[in-house]
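Analysis of the macromolecular model
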Amino acid sequence: MFVSDNAKVNSAGNLEFSGVDTVALAQKYGTPLYVTSLDGVKASCAEFTAALEKHYGGRGMILYASKANCNTAICKAVSSSGFGLDVVSGGELYTALKAKVNPAKICFHGNNKTDSELRFAIESGVGRIFADSMSELDDIEAIAAETGKKVKVLVRANPGVEASTHEYIMTGQVDSKFGLSIEKGDALAGVLKALASEHIELAGIDCHIGSQIFEVLPFEDEAEMLMRFLVDIRELTGVTLQELNIGGGFGVRYVPSDDPLSADMIIGAVAARVKRFCAESGFPEPFLMFEPGRAIVANNGITLYTVGCVKEIEGVRNYVSIDGGMFDNPRYALYKARYTACVANRADRPADYSAAIAGKCCESGDLIGKDITIQRPERGDVLAVFTTGAYNYSMSSNYNRNPRPAMVVIENGEDRLAIRRETYADIAAFDEE
Ligand code: LLP
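Throughout, residues of each chain are indexed from 1 in the direction in which the sequence is written. Thresholds applied to this predicted model are a pLDDT of at least 70 for local features of residues and 80 or more for the giving and counting of side-chain atom pairs; totals over whole chains, interfaces and linings are not thresholded and use all residues. The basis for the side-chain values is all heavy atoms of the structure; hydrogens and waters are excluded.

What follows concerns the packing of helix α4 (residues 90-98) against helix α5 (residues 115-124). Angles run from 0 to 180 degrees between N-to-C directions of axes, and those axes are lines fitted to C-alpha atoms, restricted for helices to the stretch in contact. Only runs of H or I of at least four residues qualify as helices and only runs of E of at least two qualify as strands under DSSP, and these elements are numbered from the N terminus. One way to put it is that α4 packs onto α5 with a least axis distance of 10 Å and a crossing angle of 25 degrees. Taken together, the axes of α4 and α5 lie roughly parallel to each other. Where α4 crosses over α5, the two elements pack in a sense that is left-handed. Contact residues: Gly90, Leu93, Tyr94 and Leu97 in α4; Glu117, Phe120, Ala121 and Ser124 in α5. An angle below 35 degrees is treated as roughly parallel, one above 145 as roughly antiparallel, one from 65 to 115 as roughly perpendicular, and anything else as oblique. Left-handed describes a crossing whose near helix is turned anticlockwise from the far helix by less than a right angle; the clockwise case is right-handed. Residue contacts are counted whenever heavy atoms from the two residues lie within 4.5 Å of one another.

This part is about the site of the ligand. Being near a molecule or strand, for a residue, means having at least one of its heavy atoms within 4 Å of it. Around the ligand sit 19 residues in total, of which Ser211, Glu291, Arg294, Arg331 and Tyr391 are the nearest. Contact distances for the ligand include 2.3 Å between an oxygen atom and a side-chain N or O atom of Ser211. Protein coverage of the free-state accessible area of the ligand, which is 580 Å², stands at 92%. Amino acid classes used here: Ala, Val, Leu, Ile, Met, Phe, Trp, Tyr, Cys and Pro are nonpolar; Asp, Glu, Lys and Arg are charged; the rest, including Gly, are polar. Split by residue class, the shell around the ligand holds seven nonpolar, six polar and six charged. Residues from two domains meet in the shell around the ligand; each of domain 1 (7-37 + 298-428) and domain 2 (109-292) gives at least three. Polar contacts here mean pairs of N or O atoms no more than 3.5 Å apart (in protein, one a potential hydrogen donor and the other a potential acceptor; neighbouring residues in sequence count only if both atoms are side-chain atoms). To be clear on the numbers: accessible area is Shrake-Rupley with a 1.4 Å probe, and residue cover counts the displayed protein chains and nothing else. The split into domains, and so the bounds of each, comes from an automatic or database assignment of domains.

In space, the three strands of this open sheet follow the order β1-β2-β3, with antiparallel pairing throughout. Taken across any chain shown, the strands that pair with only one partner, and hence form the sheet edges, are β1 (7-9) and β3 (20-21). A pair of strands counts as paired when DSSP detects no fewer than two bridges linking them. As paired strands, β1 and strand β2 (residues 15-17) are joined by three bridges and run antiparallel to one another. Note that in β2 the partner of Lys8 across the bridge is Glu16.

Cis rather than trans, the peptide bond between Thr31 and Pro32 has omega equal to -10 degrees. Here Pro32 shows up in the loop between α1 (22-29) and β4 (33-37). Residue Asn400 is not a glycine yet carries a positive backbone phi of 65 degrees. Checked against the element boundaries, Asn400 lands in the loop between β19 (382-386) and β20 (406-411).

What follows concerns the pairing of β20. Counting buried residues along β20, six of its six residues qualify, which places the element largely inside the surrounding structure. Relative to β20, β4 is paired through five bridges, and the arrangement is parallel. Paired with Tyr34 across the strands is Met407, a residue of β20. Relative to strand β21 (residues 414-419), β20 runs antiparallel, the two sharing five bridges. Looking at β21, one finds that Met407 is bridged to Ile419. The antiparallel hairpin formed by β20 and β21 contains two residues in its connecting segment, where Asn412 sits at a positive phi of about 50 degrees. Three exposure classes are used, based on accessible area relative to the maximum for each residue type with a 1.4 Å probe and protein chains only: buried under 20%, partly exposed in between, and exposed over 50%.

Purely geometric numbers; function is a separate question.
Below you can see the structure in the form of structure tokens.
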């Protein structure tokens, strides 16, 4: 009935999420409210770990792409599940370290890391840096030399694989700001530079072809292209690189028609292709990495809002306005993303009321969706929007000087505040007096 396995209707007729009554959560913590099931996050992590074990004997590492939702509670949950962590900024790295994630299991990504971010990462002892450009390789070498460290690096190669997804979240095509193109020879130049750098230990190649992908073939093709590249490197230099990072991008269900791949299907298919390629080419099977973000958190998160104005424009459209909007979830405004929702305190009633769910920002594009079917709502009801665990909190803003919502997590069936609600004082805290 719901897009998330964590959701059901309880005996009071309310929406329950991860075993907790959402109407009670809205009363206890106020709205808007992000709710994240850490129990669900850990279950999602376990699926990836089991798949890597089953299909590849566990010879690899799953990294959580923390950009999807980065805070100390989530960092702790994924690292306690045995995952490594992918960070893309000094801020994400700081959060991971604050959550006491083992630096050796942190990997630093990003297409334009600043010198100070690189220095922070190297001084913190991150396990791997995924180098995105030639100039970054120079910077890593210089900073590592200064600090007297040898840094493990993977070069981000761009395989030229085009996955069918939104243009803004496609990353593997040649015309991209990310990585070094294999086709153009830039990736090889990067590899040669890294191999010649005294303070860089080149471990392998990494890649990421895009996000919210529902087919397995682009990942298999990507893996094979990268394996071919590893063979070319060996032929040219005699060096056998041992690590291969396939990236993330595994699609999730936002609306019932979405048909996501399971971790078992993705890892199973990629591992099979890699093993077959290695058997045929005589190249040793590499240490395999995957970097899911959305697949770990999206459906383990919901957002609760309070319904305000309900406006019915005869023969045109109904508008249900909520106390949040694009400042806590900009994904409709950015990508025309689709969502499902439910009136949490009327979850046992039929969902037969079609409406645009509108935010409170001063923009017509500030919607959660244009045609969402929910229970007939009234002012004061609690509206739950599903699948908001990924890229909602992390892309939130203070637009219109709205304070960011709090985030509650559910762990072992108990709710607790993981991120407190921002106040007006927080918003003006950096302004002059
Ligand atoms: N690895 C790299 C290098 C990435 O750039 C990304 C996402 C991931 C892993 C994780 O991808 P995931 O498994 O979460 O799809 N803001 C957009 C998504 C941007 C994704 C950016 N990179 C959205 O809201 O849909």
